[in-house]
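A closer look at the structure
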Amino acid sequence: MTEKEAIMQRHSVRNYTDRAIEPSKVMAIEEKIKELNDAGGLRLVFVEDAGKTYNKLFNRISGLGSAPSVIACAGTDAEDLDERVGYYGEKLVLFLQTLGLNTCWTGTFNKKNIGVQLADDERLVIAIAVGYGKDAGKPHKSKDFEQVVTGKSERPEWFRSGVEMALLAPTAINQQKFTIRLNDDESVEFIDNGGVLSKVDLGIVKCHFEIGAGKAI
């Protein structure tokens, strides 16, 4: 399965079975996390037993209390930390999809119970629930191409393909508060329009765009 195929198949899942993740897949996850941590200067941590990470009332009502495992997304605090977490965290989410696992980006969880000790200069940004879902999730309504694009009116095919994949990116409460600008020199800008976890969202959007466009931006 390619990353583009993973994007097309992956939807947020909040209800999980009690099936444990196989040791071979745990090893693959750990290896991928090391690769992404090195590339992004992050501290993504796979916690095999989610324990009481999702014991808050909202999480239990939504079904996330059933998630068997969780990934803590942290790093040394910096202005661009949230965006890097979104970008490389989504790389991991898509990899998990290729392993047949389901995921959900989660901004609400019990940070004290996630089981990861942080250094004084580190910040826990968000978490990703992971396991075998009771279903594959379902797509959510998305904005139209023209609602998120600005700049140059003549848009090459690679740009259109990038935007199409970006529109499939998961964003907090499905807000899609981003704009993708194509400049006259065909450079691309990703604009954060504010909102809950919008900087994380921007990193996820950039990840999807690059996969769709077939090149790094």
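Preceding this section is the structure that the text describes.
Below you will find a few notes about this structure. This one's a predicted model, so the numbers in the text were calculated from it and none came from an experiment.

Another point: a negative patch on the surface. There is a patch of like negative charges on the surface, built from Glu30, Glu31, Glu48 and Asp49. Secondary-structure assignment places Glu31 in helix 2 (residues 23–40).

Going through the model one piece at a time under the given rule, you end up with six aromatic pairs. Seen in terms of ring centroids, Trp158 and Phe209 are 6.4 Å apart; in terms of plane orientation they differ by 85°. Their pairing is edge-to-face. Of this pair, Trp158 sits in helix 6 (residues 157–166) while Phe209 sits in helix 7 (residues 198–213), and the two are 51 residues apart along the sequence. Comparing Trp158 with Phe209 shows no difference in burial state: the two are buried. Seen from their ring centres, Phe159 and Phe209 are 5.7 Å apart, and the 65° between their planes marks the pair as edge-to-face. Taken together, the residues Phe159 in helix 6 and Phe209 in helix 7 connect sequence positions 50 residues apart. In this structure an aromatic cluster arises from ring pairing among Phe145, Trp158, Phe159, Phe190 and Phe209. Sitting over the ring of Tyr132, Arg19 keeps its end group 3.7 Å from the ring centre. We note Arg160 situated over the ring of Phe145; from NZ or CZ to the ring centre the distance is 4.9 Å.

Bringing unusual backbone geometry into the picture now. A positive phi angle, close to 45°, is found at Ile173, a residue other than glycine. As for its position among the elements, Ile173 is in the loop between helix 6 and strand 6 (178–182). Classification of Ile173 as exposed rests on a relative accessible area of 74%. Of note, the phi angle at Glu186 is positive, near 65°, even though the residue is not glycine. By the element assignment, Glu186 lies in the loop between strand 6 and strand 7 (188–192). Residue Glu186 is classed as partly exposed on the basis of its relative accessible area, which comes to 34%.

Moving on, we get to the packing of helix 4 (residues 81–98) against helix 7. Between helix 4 and helix 7, the shortest axis-to-axis distance is 6 Å and the interhelical angle comes to 50°. Relative to helix 7, the element helix 4 is oriented oblique. Every pair of crossing elements has a handedness; the one defined by helix 4 and helix 7 is right-handed. Contacts between helix 4 and helix 7 involve Asp82, Glu83, Gly86, Tyr87, Glu90, Lys91 and Leu94 from the first element and Lys199, Val200, Leu202, Gly203, Ile204, Lys206, Cys207, His208, Glu210 and Ile211 from the second. Among the residues making up the contact of helix 4 with helix 7, the classes are represented as seven nonpolar, three polar and seven charged.

In this structure, Ile71, Trp105, Phe159, Val163, Ile180 and Phe209 are the most contacted members of the largest nonpolar core, which totals 52 residues. When near neighbours in sequence (up to four residues on either side) are disregarded, Ile180 contacts Val148, Val149, Thr150, Phe159, Val163, Ala166, Val188, Glu189, Phe190, Val205 and Phe209.

What counts as what
Residues numbered from 1 in each chain as written. Predicted model: local features only at pLDDT ≥ 70, side-chain atom pairs only at ≥ 80, totals over all residues. Heavy atoms only, no water. Patch = residues over 30% accessible without salt bridge, like charges linked within 9 Å, V, L, I, M, F, W, Y side chains within 5 Å. Areas by Shrake-Rupley, 256 points an atom, 1.4 Å probe, with all protein chains shown as cover. Salt bridge = Lys/Arg side-chain N within 4 Å of Asp/Glu carboxyl O. Lys, Arg positive; Asp, Glu negative; His and termini not counted. Charge placed at Lys NZ, Arg CZ, Asp CG, Glu CD. Helix = DSSP H or I, 4+ residues; strand = E, 2+ residues; numbered from the N terminus. Phe/Tyr/Trp six-rings, centres within 6.5 Å; stacked < 30°, edge-to-face > 60°. Buried < 20%, exposed > 50% of the residue type's maximum accessible area, 1.4 Å probe, protein only. Lys NZ or Arg CZ within 6 Å of the ring centre and 35° of its normal. Axes fitted to C-alpha atoms, helices over the stretch in contact; angles between N-to-C directions. Parallel < 35°, antiparallel > 145°, perpendicular 65-115°, else oblique. Left-handed = near helix turned anticlockwise from the far one by under 90°. Contact = heavy atoms within 4.5 Å. Nonpolar A, V, L, I, M, F, W, Y, C, P; charged D, E, K, R; others polar. Core = buried A, V, L, I, M, F, W, Y, C linked by side-chain atoms within 4.5 Å.

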